[in-house]
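Chain by chain, the residues:
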Amino acid sequence: FASGTEALSSQLLNSLLALPADDFEVVSAASMVLSGAQEMKALCTGDEGGIDFYGRLPIRRPSALIPKGLIHTTLLPRQLLVLGQAKLYQRDARVGRPDIQQFKGQVQDCMKQYEGNERPPTHRVPESYYKRDEPFLGVFVTTASFAETATACVEASGIVLVPGVPLSQFLAFHHVGIIQDEKGFRFDQNEFDLWLATQ
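S.K.: Sorry if this is basic, but what is going on with the overall build of the protein chain here?
M.R.: The helix and strand inventory of the protein chain stands at six helices and nine strands. If you take every contact in the protein chain between residues at least 6 apart in sequence, the share linking residues at least 24 apart comes to 64%. If you sum the accessible surface of the protein chain, you get close to 11,400 Å²; carbon and sulfur atoms cover 51% of it.

S.K.: I would appreciate a short explanation of the pattern of salt bridges in the present structure.
M.R.: Where charged atoms from two side chains of opposite charge approach closely, those side chains can pair. By the definition in use, this model includes four salt bridges. The salt bridge partner of Asp181 is Arg186, with a shortest N-O separation of 2.7 Å. Residue Asp181 is classed as partly exposed on the basis of its relative accessible area of 25%. Between Arg186 and Asp188 there is a salt bridge, with its nearest N and O atoms 3.4 Å apart.

S.K.: Could you clarify how one ought to interpret the layout of surface pockets in this entry?
M.R.: Empty space among the atoms can be located by rolling a probe the size of a water molecule over them. Volume-wise, the second largest pocket comes out at about 170 Å³. Together, 13 residues line the second largest pocket, and Asp52, Gln85, Ala86, Lys87 and Tyr89 are the ones closest to its centre. When contributions to the lining of the second largest pocket are tallied by element, the ones reaching two or more residues are α2 (21–34), β3 (79–87) and α3 (97–111). The residue inventory of the lining of the second largest pocket, partitioned by class, reads four nonpolar, four polar and five charged.

S.K.: I tried to follow the packing of α2 against helix α6 (residues 189–197) on my own but got confused; where do I start?
M.R.: Between two packed helices, both the angle of their axes relative to each other and the distance between the axes serve to describe the pair. Axis separation between α2 and α6 bottoms out at 10 Å; the angle between their running directions is 80 degrees. With respect to α6, the axis of α2 lies roughly perpendicular. Of the residues in α6, those in contact with Asp23, Val26, Val27, Ala30 and Leu34 of α2 are Phe192, Trp195 and Leu196.

Thresholds applied
- Residues numbered from 1 in each chain as written.
- Predicted model: local features only at pLDDT ≥ 70, side-chain atom pairs only at ≥ 80, totals over all residues.
- Heavy atoms only, no water.
- Helix = DSSP H or I, 4+ residues; strand = E, 2+ residues; numbered from the N terminus.
- Contact = heavy atoms within 4.5 Å.
- Areas by Shrake-Rupley, 256 points an atom, 1.4 Å probe, with all protein chains shown as cover.
- Salt bridge = Lys/Arg side-chain N within 4 Å of Asp/Glu carboxyl O.
- Buried < 20%, exposed > 50% of the residue type's maximum accessible area, 1.4 Å probe, protein only.
- 1 Å grid on protein atoms, 1.4 Å probe; cavity = no way out; pocket = protein on both sides within 12 Å on 5 of 7 lines; lining within 4 Å.
- Points joined across faces, edges and corners; volume = space filled by probe spheres on them.
- Nonpolar A, V, L, I, M, F, W, Y, C, P; charged D, E, K, R; others polar.
- Axes fitted to C-alpha atoms, helices over the stretch in contact; angles between N-to-C directions.
- Parallel < 35°, antiparallel > 145°, perpendicular 65-115°, else oblique.

See below:
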């Protein structure tokens, strides 16, 4: 399987590039779940304040061997709030610093729950979803790649960049849209569509 991953992931990336923007948001959210997120929801709307998907990623679960509340078995927060943006760009496009800086601002606005904003987005992360002073992680997913100015911009910023090629390789590794027959592994569009429909 590993030897054919490059060709499979290239076909998968072509399929991602042909998606409507809302479907790519769903794929991005589903990719976070495959990465270990406990839950992830795609907003799929044009007025969400720049946050296309959100959910929570477990950091460390408390010990199940000790009754809850007896003693602390972990010092770190149990979960990270994940706030994500999904940008469906052409394969050869390069996301630069302005996109990342804008996303940073949108994450901060979201964490402040758009306080003082006279026209907050109508479809946003529900206020009831937040927990007081919780840590968060910003994730920027795209079908394109990132310019050096973008990667430099996210250093020490708590934002993770996910370019198109690693995204498609990751999905191929998890056999998204991949089937096996007598000729080996191959990408199957119908299989991909079925997977997407269940997300």
